[in-house]
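What follows is the residue order along each chain.
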Amino acid sequence: MRMLLANAEAWPGFDTTVELLKNGGAGIDAMVAGIAKVEREAKVRSVGYGGWPNMIGDMEFDAGVMDGTTRDVGAVGAVPATLPVAALAHEVMKHLPHVMLTGAGARRFATERGFAVDDTLHPDSKRVWWERLQKEMSPEQLAAFPDIPLAPLSNTITDPERVRDTTVFLARDAAEGLGVVTSTSGWAWKYPGRLGDSPIVGAGFYADSRYGAAACTHTGEMTMRCGTSRSIVLALRLGYSLEDAVKLAVEELSELKTGFLAGVVIHAIDAKGNHKVVNYRNEEEIRYWYWDERMAAPELRVAGTI
Ligand code: ASP
């Protein structure tokens, strides 16, 4: 059974991916095409052009792609001047012996593969970033900015409740292959060069067509410490139900007592056609898109808790 699960921000590209899956397209190609629409949509305030800059006002994007049949992975992190970073991660998977490129090297590879140099900082994102920063800095810091120590600011201007999210797509295609694709601008006002979980295989995403696929949004600093997406797929391999596999991952997250702790959203599907989206510790309502081939149209549903 063909199916597609994605988070609420996927709306600009969800139907594109559904149509491609319906026509028998490969899951990764269908998801990369859908997510490219999300990355270009300025109204989605967490990914691509609508996303948020790092602490010094630069846009840096993260993305990951995994084919659960071959377990091939491509990922890019902290990429400047490039909007279609999920497609770039796919190019890494297809054309390099590596799994991940970051920063200037990722941008160099983008140029080699014919990607445009994009204008990535939305004027409204720039305005919000600068207003926020001005509130947090002393006149002396402002005068010397950005040649000041940034680490003290990372505690004060991190604004996790307002400005995090990622687009995640998880699909099962006509060939019964499972796959996952992620894309994000990461935490707003992050330290330059910071990678979240979205490009980290095993943390922000994982897929194995024999068992299942998982992807996480929100606090990457927690899912990286737990290897959350891999935990879920490994638990499925060990015979857990999807419900119990996600429960195990939530237990692991809740065992963390130090470091930055906040909300996580887990999206998971299994090879039997089940899906589960769990909101761990976020106070706001979390919604997601779901479609499978028994349904006339995709539905926006509300995530549960464990
Ligand atoms: N998980 C992403 C990160 O840590 C952000 C998010 O999904 O909110 O960069």
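Note on numbering: residues in each chain are counted from 1, in written sequence order. In keeping with the model being predicted, local features are shown solely for residues with a pLDDT of at least 70 and side-chain atom pairs are shown and tallied solely at 80 or more, while totals for entire chains, interfaces and linings include all residues. Hydrogens and water molecules were not included; the side-chain quantities draw on all heavy atoms of the structure.

A. Focus on the pattern of salt bridges. Put simply, a salt bridge is a Lys or Arg side-chain nitrogen that is within 4 Å of an Asp or Glu carboxyl oxygen. Summed over all chains, the structure comprises 18 salt bridges. Here Glu112 makes a salt bridge to Arg108, at a shortest N to O gap of 3.8 Å. Within this pair, Glu112 and its partner Arg108 are both found in helix H4 (residues 103-112), separated by 4 residues, close to a single helical turn. Each of the two residues, Glu112 as well as Arg108, counts as exposed. Across the pair Arg127 and Asp124 runs a salt bridge, and its minimum N-O distance is 2.6 Å. Of the two residues, Arg127 and Asp124 are both situated in helix H5 (residues 123-136); the distance of 3 residues between them amounts to about one turn of the helix. Given the relative accessible area of 42%, Arg127 is considered partly exposed. If you follow the salt bridges from partner to partner, you end up with Arg45, Asp124, Arg127 and Glu131 in one network. Strands are runs of DSSP state E lasting at least 2 residues, helices are runs of H or I lasting at least 4, and numbering of each runs from the N terminus. Relative accessible area decides the class of each residue, using a 1.4 Å probe on protein chains only: under 20% of the type maximum gives buried, over 50% gives exposed, and in between gives partly exposed.

B. Fine view of the sheet that holds strand S7 (residues 205-208). Paired strands, as defined in this entry, are two strands with at least two bridges between them according to DSSP. Read across the sheet, 4 strands follow the order S7-S8-S9-S10 without closing on themselves; strand pairing throughout is antiparallel. A strand with exactly one partner marks an edge of an open sheet, and here the two such strands are S7 and strand S10 (275-280). Neighbour-to-neighbour, the strand axes of the sheet open up by a mean angle of 10 degrees, direction not taken into account. Here 7 bridges tie strand S8 (residues 212-218) to strand S9 (residues 264-270), and the two strands are oriented antiparallel to one another. Residue pairing for S9: Cys216 is matched across the bridge by Ile266. We call two residues in contact whenever any of their non-hydrogen atoms come within 4.5 Å of each other. For helices, the fitted line uses only the C-alpha atoms of the stretch in contact; every axis is such a line through C-alpha atoms, and the angle between N-to-C directions lies from 0 to 180 degrees. Set on the sheet, helix H9 (residues 228-237) makes contact with S7, S8 and S9; between it and S8 the angle comes to about 155 degrees.

C. Looking closely at the site of the ligand. By convention in these notes, a residue is near a molecule or strand provided one of its non-hydrogen atoms lies within 4 Å of it. In the neighbourhood of the ligand, 12 residues make up the surrounding shell, with Asp165, Thr166, Arg194, Asp197 and His218 lying closest. Two N or O atoms count as a polar contact when they lie within 3.5 Å, although within protein this holds only if one can serve as hydrogen donor and the other as acceptor, and sequence-adjacent residues are included solely when both atoms are side-chain atoms. Between a nitrogen atom of the ligand and a side-chain N or O atom of Asp197, the distance comes to 2.7 Å. Gly220 is positioned with one of its backbone polar atoms (N or O) 3.1 Å from an oxygen atom of the ligand. Surface accessibility follows the Shrake-Rupley procedure with a 1.4 Å probe radius. Residue values consider only the protein chains on display as shielding. Here the ligand loses 100% of its free accessible area of 260 Å² to cover by the protein chains.

D. The arrangement of the nonpolar core in detail. Counting 60 residues, the largest nonpolar core has Leu4, Phe14, Val76, Phe169, Leu170 and Val181 as its most contacted members. Broken down by element, the residue count for this core peaks at 7 residues, all from helix H3 (residues 85-95). Residue contacts for Val181: discarding those within four places in its chain leaves Ile28, Met31, Val32, Ile35, Gly64, Val65, Ala86, Thr167, Val168 and Phe169. Here, nonpolar core refers to any group of buried Ala, Val, Leu, Ile, Met, Phe, Trp, Tyr and Cys residues whose side-chain atoms link them within 4.5 Å. Within the second largest apolar cluster, 19 residues are counted, among which are Met222, Cys226, Ile232 and Leu253.

E. Up close: the environment of Ala151. Summarising the element assignment, Ala151 is placed in helix H7 (residues 151-157). Relative accessible area serves as the criterion here: at 45%, Ala151 is assigned to the partly exposed category. Along the backbone, Ala151 and Met55 are 96 residues apart, and their C-alpha atoms lie at a distance of 9.9 Å.

F. Structural context of the pairing of S7. Of the two faces of S7, the one lined by Phe205 and Ala207 and the one lined by Tyr206 and Asp208 are each fully buried. Pairing between S7 and S8: 4 bridges, direction antiparallel. Looking across to S8, one finds that Ala207 is bridged to Ala213. The turn linking S7 back onto S8 is made up of 3 residues.

G. View of the packing of aromatic side chains. Ring pairs shown here join Phe, Tyr and Trp side chains whose ring centres sit within 6.5 Å, with only the six-membered ring taken for Trp; geometry is labelled stacked below 30 degrees between planes, edge-to-face above 60, and tilted in between. Considering all chains together, one arrives at 7 aromatic pairs under this definition. Measuring from ring centre to ring centre gives 6.3 Å for Phe14 and Phe169, while their planes differ by 45 degrees; the resulting arrangement is tilted. Here Phe14 is found in helix H1 (residues 11-22), whereas its partner Phe169 is found in strand S5 (residues 167-172), with 155 residues between them in sequence. Consider the rings of Trp129 and Phe145, whose centres lie 6.3 Å apart with planes at 50 degrees: the pair is tilted. On the criterion of sequence distance, the pair formed by Trp129 in helix H5 and Phe145 in the loop between helix H6 (139-144) and H7 is long-range, its members being 16 residues apart. The class of Trp129 is buried, set by a relative accessible area of 9%. Assessed through its relative accessible area of 15%, Phe145 is described here as buried.

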